[in-house]
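A structural walkthrough
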Amino acid sequence: MVDTVNSLATRVHELLVALMTEGADARVPGQGSSPARGFLGAPPSVDVTTGFHDVVARATTLGPDGIWLVAAGHVGLGVLALARGQADRSVFHLDAAVAAGYNDCVTLHAAPMRPLHDDPRFRALYQRMRITAADLDELFWLHREMHLMTQDAQKAMIDNLGRLDTGVSLLPQAPMPTREPHTVGVLVARIDLAATQTALRQAALKTDFQRSSGNTSLSLIDDSWDYSRARHDAWHADDLDSRRLRAAEARAFVERPGAGTTLTPCPPLGSITYPA
């Protein structure tokens, strides 16, 4: 299979979703694996660390078009290393990501990254990053949206407790910005948001399907099932879904008129509160 930017971006998305849903020990199908290869046994799979290394190698061959995917792969490896207590290896990969143009200074203020703030090597790589005001605006929005959608998912799970209907609700997503960014860090953050949206939707759907199938079984075996209450719950759920959809659409990113397009140093390390 010939690698393209789209195919490798899809791969990064897959790796991030696996990391978010299954943790650092997650495994995913091998790149280019097919049902035929796994016909006589379990489909071939790789751990997410191997997956990110493979993305870096493949994206490097794409030249300038793939440089942001090289950065994304190194960031993934840096996050994995930090989660495993390998600070030196984490800094190595983050340094490589910055060399590939990575500049998501907002991510680098998230709680898991803060232990690195006192490391002089981390401070040096942070100081090399440059960003435009317009791109920084979008980075703030992207990370706020990750936080807000997580809150939406938690609220939806609470709202769905005790529902007697058999319907399934999708978790609405704010539209992804479509502006042309000036730096590659925005592209990496967009795929982070997309993976967050997918992971949260998968978790919400899994919980919803379990509830729905339980209610379906109850309706088949127990005449005491409350049909009137189920209809009311379905109507209420549809109303909540409509409200969440309108709220998500209203959160769409809007460019700030006159936002600067000149590259300048990122805000000083420690000056950003996450989520921004």
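For the structure, see preceding data.
Let me begin by describing the structure that accompanies this report. Owing to the predicted nature of the structure, the values given are computational and were not obtained by experimental measurement. (Residues numbered from 1 in each chain as written. Predicted model: local features only at pLDDT ≥ 70, side-chain atom pairs only at ≥ 80, totals over all residues. Heavy atoms only, no water.)

Turning our attention to the overall build of the chain. If you tally the helices and strands in the chain, you get eight helices and four strands. A burial count over the chain gives 45% of its 276 residues as buried. For the chain, contacts bridging at least 24 residues in sequence account for 76% of all contacts bridging at least 6. As displayed, the chain has an accessible area near 14,100 Å², and 58% of this comes from carbon and sulfur atoms. (Helix = DSSP H or I, 4+ residues; strand = E, 2+ residues; numbered from the N terminus. Buried < 20%, exposed > 50% of the residue type's maximum accessible area, 1.4 Å probe, protein only. Contact = heavy atoms within 4.5 Å. Areas by Shrake-Rupley, 256 points an atom, 1.4 Å probe, with all protein chains shown as cover.)

In this structure, aspartate 119 sits in the loop between helix H4 (87-99) and helix H5 (120-128). We classify aspartate 119 as buried; its relative accessible area is 13%. Separated by 2.6 Å, the side chains of aspartate 119 and arginine 121 make a polar contact. (Polar contact = N/O pair within 3.5 Å; in protein donor to acceptor, adjacent residues only side chain to side chain.)

Here arginine 190 is to be found in helix H7 (residues 184-221). Looking at arginine 190, the relative accessible area reads 12%, which means it is buried. What arginine 190 contacts, discounting residues up to four positions off in sequence, is Glu138, Leu142, Met176, Pro177, Thr178, Arg179 and Pro181.

Another aspect to go through is the packing of helix H1 (residues 5-22) against helix H2 (residues 48-60). Where H1 meets H2, the closest approach of the two axes is 10 Å, and the angle between their N-to-C directions is 160°. With respect to H2, the axis of H1 lies roughly antiparallel. Where H1 crosses over H2, the handedness of that crossing is left-handed. Where H1 abuts H2, its residues Leu8, Arg11, Val12, Leu15, Leu16 and Ala18 lie against Val48, Gly51, Phe52, Val55, Arg58 and Ala59. (Axes fitted to C-alpha atoms, helices over the stretch in contact; angles between N-to-C directions. Parallel < 35°, antiparallel > 145°, perpendicular 65-115°, else oblique. Left-handed = near helix turned anticlockwise from the far one by under 90°.)

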